[in-house]
Amino acid sequence: MKSISSLVLLPNMAQSINITELHLPQLEMLKNQLDQEVELFSTSIAQLKVVQTKYVEAKDCLNTLNKSNEGKQLHVPLTSSMYVPGKLHDVEHVLIHVGTGYYVEKTAQDQMEKIQPALQKKHAMKQAVMEMMSQKIQQLTALGAAQATAKA
């Protein structure tokens, strides 16, 4: 009987293989492939976290746009370390960066309504990638045990 830990699902295929039946070079190739997939998933998770952080920052900034803050002094960034003084004039509209040098004017309320679903979508994507990565790590662990057995 095959144990669960000795089965590895092949990517893009609806089949599994018993890794205890593979030769050492095949095990090493499979390990390299799984290592690459785990690295790709790690990179994807990091990118999704960055995007999530940007959405949270945008949401926080939009929350500060209200009538009570209209007319208040603020610092407008010119670069990451250079600012000019300014006044908050219009709290109902924002400019959205849509590409290199291109901006679109939208209402703050419209953008606030779009951010929450986008945040939820990014969170779901991150969870799905983390789940796949967890499966690949389990497969790598089983593969490592099979390699140790094959070398012995």
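Residues numbered from 1 in each chain as written. Predicted model: local features only at pLDDT ≥ 70, side-chain atom pairs only at ≥ 80, totals over all residues. Heavy atoms only, no water.

Enquirer: If you had to explain the overall build of the protein chain to someone new, which residues and values would you point to?
Expert: A tally of regular secondary structure across the protein chain gives 2 helices and 6 strands. Each helix and strand of the protein chain, placed in order from N terminus to C terminus, yields the pattern β-β-α-β-β-β-β-α. With 152 residues in all, the protein chain has 24% of them scored as buried. Here the contacts in the protein chain between residues at least 6 apart in sequence split such that 50% fall between residues at least 24 apart. (Helix = DSSP H or I, 4+ residues; strand = E, 2+ residues; numbered from the N terminus. Buried < 20%, exposed > 50% of the residue type's maximum accessible area, 1.4 Å probe, protein only. Contact = heavy atoms within 4.5 Å.)

Enquirer: Give a detailed account of the pairing of strand E6 (residues 102-107), specifying residues and quantitative values.
Expert: Of all 6 residues making up E6, only 0 are buried, and the element is barely covered by its neighbours. Pairing between strand E5 (residues 93-99) and E6: 6 bridges, direction antiparallel. Bridged to Gly 99 within E6 is Tyr 102. Between E5 and E6, which pair antiparallel and follow one another directly, the connecting turn spans 2 residues, one of which, Gly 101, has a positive phi of 80°. (Pairing = 2+ DSSP bridges.)

Enquirer: Any chance you could break down a nonpolar patch on the surface for me, citing the residues and the numbers?
Expert: Among the surface-exposed residues, Val 76, Leu 78, Met 82 and Val 84 lie close enough to one another that they form a single nonpolar patch of about 320 Å² accessible area. By the element assignment, Val 84 lies in strand E4 (residues 83-87). (Patch = residues over 30% accessible without salt bridge, like charges linked within 9 Å, V, L, I, M, F, W, Y side chains within 5 Å. Areas by Shrake-Rupley, 256 points an atom, 1.4 Å probe, with all protein chains shown as cover. Salt bridge = Lys/Arg side-chain N within 4 Å of Asp/Glu carboxyl O.)

Enquirer: Can you explain the pattern of salt bridges? Please cite residues and give values.
Expert: Summed over all chains, the structure comprises 5 salt bridges. Salt-bridge contacts for Glu 37 lead to Lys 136; the nearest nitrogen and oxygen are separated by 2.9 Å. On the criterion of sequence distance, the pair formed by Glu 37 in helix H1 (residues 24-64) and Lys 136 in helix H2 (residues 108-151) is long-range, its members being 99 residues apart. The same class applies to Glu 37 as to Lys 136, namely buried. As a salt-bridge pair, Lys 67 and Glu 70 come within 3.7 Å of each other at their nearest N and O atoms. Classification of Lys 67 by relative accessible area gives exposed; the value is 54%. Looking at Glu 70, the relative accessible area reads 35%, which means it is partly exposed. A single network of salt bridges, built from pairs that share partners, joins Lys 67, Glu 70 and Glu 92.

Enquirer: Break down H1 for me, with residues and values.
Expert: A rise of 1.5 Å per residue sets the reference length of H1, with its 41 residues, at 60 Å; its end C-alpha atoms lie 60 Å apart and thus fit the reference within 8%. Those residues of H1 lying buried are Leu 27, Leu 30, Leu 34, Glu 37, Val 38, Phe 41, Ile 45, Leu 48, Gln 52 and Leu 62. (Expected span 1.5 Å × (residues − 1).)

Enquirer: Explain the packing of H1 against H2 to me, and be specific about the residues and the numbers.
Expert: Put simply, H1 and H2 touch, their axes get as near as 8 Å, and they point 160° apart. When the axis of H1 is compared with that of H2, the two are roughly antiparallel. Here H1 runs over H2; the crossing is left-handed. Considering only residue class, the contact of H1 with H2 consists of 28 nonpolar, 9 polar and 10 charged. (Axes fitted to C-alpha atoms, helices over the stretch in contact; angles between N-to-C directions. Parallel < 35°, antiparallel > 145°, perpendicular 65-115°, else oblique. Left-handed = near helix turned anticlockwise from the far one by under 90°. Nonpolar A, V, L, I, M, F, W, Y, C, P; charged D, E, K, R; others polar.)

Enquirer: Can you lay out the confidence of the model for the protein chain for me, pointing to particular residues and giving the numbers?
Expert: Detailed reading of the predicted model is not advised wherever pLDDT is low. Residues with a pLDDT of 70 or more make up 89% of the protein chain, whose mean pLDDT is 83. Of all the helices and strands in the protein chain, strand E1 (residues 7-9) carries the lowest mean pLDDT, 53, while E4 carries the highest, 94. (pLDDT = per-residue confidence, 0-100.)

Enquirer: So what's going on with the pairing of E4? Residues and values would help.
Expert: The side chains of a regular strand alternate, residue by residue, between the two faces of the sheet. Of the pairings in the sheet, the one linking strand E3 (residues 73-77) to E4 comprises 5 bridges and is antiparallel in character. The residue bridging Pro 77 from the neighbouring strand is Tyr 83, located in E4. The antiparallel pairing of E3 with E4 creates a hairpin that spans 5 residues between the two strands.

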